[in-house]
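What follows is each chain in one-letter form.
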Amino acid sequence: TYTQNQFKSFSLRYYAMAIVCFVLLQACGGGGGATTDTSPVINRPVSTPTNPPKASLTVDCSGAACSAVSPIQYSGNGVGLWRYNNTSTQDALIDIDILGVTPKNQVTLAFTNGERNTAFSVPSIGNNVSAELKTRSNLLANFKSEKVSTLSHSTLEQQSHDAAHSVMMARNQASKKHLIEKTPLEKMQTTVQAETNLAAQRLRAAPAVNTQRVWSDSYPQVPVNYITTNKHICTLPSGRKIVFWQGNNTVNLTPTTLQYFIDNTCGVSGTFARLNNLLGDFWGTNNLYGNIITETVNNQQDVNIVFLNPTITADWAGYFDSKNNFLLNSEANSNQALVFFINASSINQQPDFYLSTLVHEATHLIAFYQNTVARNKNWTAAWLDEILAMMSEDIVVPAAVSYNKMADMRLPDYLKSGGNISLDNWLYVSDTSSHYDMGASLGVFLNRRYGLNVYQQLLTACTTPDLKDDEYACLNNIIVQNGGLGLADELAKMGASMFSKASASTGLVGYGFPRVNTSSYTLQAIDLSNKFLSKPANMFSYHSMSQTYLNDTVPTGATRYIRQSVRVPARTRLQLVIK
């Protein structure tokens, strides 16, 4: 029971509080009717509360081979997969408590930011409170990097090749942009002029064997001319001729090695015919751009392979420079030809390696024509172009010579990288090789997930306005159209497979690198179980399309794996593997 004065005092206090609340709401944009924010979540700041909400793992495998019995139970044998996909705009904390483990089990926590934006926080591996382990709280940012300092000669050599290749890729992306940004008037030139250019080109093309020609090596800042001799001509099933040129100073290329390249490049089962069957032709008719070399159905451009010993120190193994596809009036020093250059300095010792390099570069040429010229796709980033080329190395080369650079070098080297690599920031970092290694790992994973579908559709699909200008959206859409959950999900599954060092075959869908039989190709199983895995690299920012991880063990005497307050930043994923 209140007196009149007590009631007035009570009412005034609540009235004042209501005014304060109203002012605060207005300051925060509140008040009024409810509204719906339809802007992309990834493009606005993410709220990171001091105490994020708790979340739980879900089982990420099924079937008889799946050893994840429930969200909290491991069967005791085989491979168990769990995941947490944080789709919210806030960080989430997870308390991991898995029963049924023994000290022989290994545990991997793989974190993936599969989005196109840097996350607003970094993952935390939380506190391990299992028996015999000291309680601690470790942020991945505090880990010391233990990248391998002593690498095999082939790996060190590949790193120098990658750095050089990135330089050329940057130029090729600039050439694409130069081509795409031409105005309609600049693109369209007279048919008479195009035919005149074609006639001039054909006068220099497909000469008799032993004929000489000067080729301009455009890799140095100042191009260098080399006198070369035509050593061999073969004709592909498409009717297009392949011409093999050897620099007159190229004494390293023996007749036996040259014949190896002829045998594995030409013919119906050679690598170039395989590429044409899978991805399309190297070049074709063109009525859109007047500043590039042309051809007709009955008058095709030759594909030229030029073997050189560069006189200027060159770290490149081989390259395709798209400037050579332009006319001289558009690109100075252009060879005005379809051409690849191969560094023959050590080619006799590693012919398989250089054949794989040639297939990689040939894919770049096909993609340049099929995507940029024929389909007018406005892709000027390097990462997807490079992934496509390495998918070719994984599919085509092993079918010809039983060698797979991806299995032998790329995937093992990604394990040595320590992670924390932003895949889509390819040309803006110093550690170029790690980007190639990560891109190869994703490409090889997608090959075994979807056979040849994703690989081939990177050329044939994505022609609508919303996809032809956006590499990420294109690959994401292709994955979804083939039954997947999207690019971010596949990247996370690849990370779990890599950092847990998946065995060749587990029987688990979406995990590992199993043997896959397609209608025309068999993709080999890749076993990572005996490969070296570095500790994770320092992580101070969780960049777009990047990954990190923790490899842990179950302590002696424990039957539960417990780790509390594992932080999964907003819009990122955690994969847990126990085996």
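Residues numbered from 1 in each chain as written. Predicted model: local features only at pLDDT ≥ 70, side-chain atom pairs only at ≥ 80, totals over all residues. Heavy atoms only, no water.

**Student:** What exactly am I supposed to notice about the pattern of salt bridges here?
**Tutor:** In the structure shown here, the tally under the stated rule is 15 salt bridges. The partner of aspartate 60 in a salt bridge is arginine 83, and the shortest N-O contact between them spans 3.5 Å. In this pair, aspartate 60 sits in the loop between strand 2 (58-59) and strand 3 (68-70) while arginine 83 sits in strand 5 (residues 80-85), placing the two residues 23 residues apart along the sequence. Residue classification places arginine 83 among the partly exposed positions, given a relative accessible area of 24%. A salt bridge links aspartate 489 to lysine 493, with the shortest nitrogen-to-oxygen separation between them at 2.9 Å. Note that aspartate 489 and lysine 493 are positioned in helix 14 (residues 487-499) at a spacing of four residues, about one turn of the helix. Note on aspartate 489: relative accessible area 3%, which makes it buried. (Salt bridge = Lys/Arg side-chain N within 4 Å of Asp/Glu carboxyl O. Helix = DSSP H or I, 4+ residues; strand = E, 2+ residues; numbered from the N terminus. Buried < 20%, exposed > 50% of the residue type's maximum accessible area, 1.4 Å probe, protein only.)

**Student:** So what exactly am I meant to see when it comes to the environment of aspartate 469 here?
**Tutor:** The residue aspartate 469 is located in the loop between helix 12 (465-468) and helix 13 (471-481) in this model. The exposure class assigned to aspartate 469 is partly exposed, which follows from its relative accessible area of 41%. Sequence separation between aspartate 469 and asparagine 376 is 93 residues, and the spatial gap between their C-alpha atoms is 9.3 Å. If sequence neighbours within four positions are ignored, aspartate 469 has contacts with Asn378 and Trp379. Engagement of the side chain of aspartate 469 in a polar contact is seen with the side chain of asparagine 378, the distance being 2.6 Å. (Contact = heavy atoms within 4.5 Å. Polar contact = N/O pair within 3.5 Å; in protein donor to acceptor, adjacent residues only side chain to side chain.)

**Student:** What exactly am I supposed to notice about helix 5 (residues 255-265) here?
**Tutor:** Residues lying three or four places apart along an α-helix face the same way, a consequence of the helix completing one turn every 3.6 residues. Turning to helix 5, its buried residues are Thr257, Leu258, Tyr260, Phe261, Ile262, Asn264 and Thr265. Buried-residue contacts for helix 5 involve strand 10 (224-235), strand 11 (241-247), helix 6 (271-279), strand 12 (303-308), helix 7 (351-373) and helix 8 (383-401). One or two steps after helix 5, the chain reaches glycine 267, where phi turns positive at roughly 85°.

**Student:** Even after reading the chapter, I still don't get the sheet that holds strand 9 (residues 212-217), so can you show me in this structure?
**Tutor:** Backbone hydrogen bonds are what pair the strands of a sheet, in a parallel or an antiparallel way. An order of 9-10-11-12-14-13 is seen for the six strands of this open sheet, with the pairing classed as mixed. Bordering the open sheet on either side are strand 9 and strand 13 (318-319), each of which pairs with just one other strand. Pairing of strand 11 with strand 12 involves five bridges; the strand directions are parallel. Bridged to glutamine 246 within strand 12 is phenylalanine 307. The strands touched by helix 7 are strand 12, strand 13 and strand 14 (338-343); relative to strand 14, the strand with the most contacts, the crossing angle is about 155°. (Pairing = 2+ DSSP bridges. Axes fitted to C-alpha atoms, helices over the stretch in contact; angles between N-to-C directions.)

**Student:** Would you explain the packing of helix 9 (residues 405-417) against helix 10 (residues 432-450) in this entry?
**Tutor:** When two helices pack together, their arrangement is given by the angle between their axes and by how far apart the axes lie. In contact at an axis separation of 8 Å, helix 9 and helix 10 are set at 115° when each is read in the N-to-C sense. For helix 9 against helix 10, the interelement crossing comes out left-handed. Each of Met406, Arg410, Leu411, Asp413, Tyr414 and Ser417 in helix 9 lies in contact with helix 10, whose residues at this interface are Ser433, Ser434, Tyr436, Asp437, Met438, Ala440, Ser441 and Val444. Within the contact of helix 9 with helix 10, the residues separate by chemical class into seven nonpolar, four polar and three charged. (Left-handed = near helix turned anticlockwise from the far one by under 90°. Nonpolar A, V, L, I, M, F, W, Y, C, P; charged D, E, K, R; others polar.)

**Student:** So what exactly am I meant to see when it comes to the pairing of strand 6 (residues 92-99) here?
**Tutor:** Looking along a regular strand, one sees side chains alternate from face to face of the sheet. In the sheet, strand 1 (residues 54-55) pairs with strand 6 via two bridges, with the strands oriented parallel. By the bridge assignment, lysine 54 is partnered in strand 6 with leucine 93. One ladder, built from seven bridges, connects strand 6 with strand 18 (residues 560-568); its direction is antiparallel. The partner of alanine 92 across the bridge, within strand 18, is valine 568.

**Student:** Can you help me understand the packing of aromatic side chains in this one?
**Tutor:** Any aromatic ring pair is given by two values, namely how distant the centres are and how the planes are angled relative to each other. This model, assessed by the stated rule, comprises 19 aromatic pairs. Judged by centre distance (4.9 Å) and plane angle (85°), the rings of tryptophan 316 and tyrosine 319 are edge-to-face. Here the two residues tryptophan 316 and tyrosine 319 agree in accessibility, since each one is buried. Ring centres 6.4 Å apart and planes at 50° place the aromatic pair phenylalanine 326 and phenylalanine 368 in the tilted group. Here phenylalanine 368 lies in helix 7 and phenylalanine 326 lies in the loop between strand 13 and strand 14, a separation of 42 residues in the sequence. (Phe/Tyr/Trp six-rings, centres within 6.5 Å; stacked < 30°, edge-to-face > 60°.)

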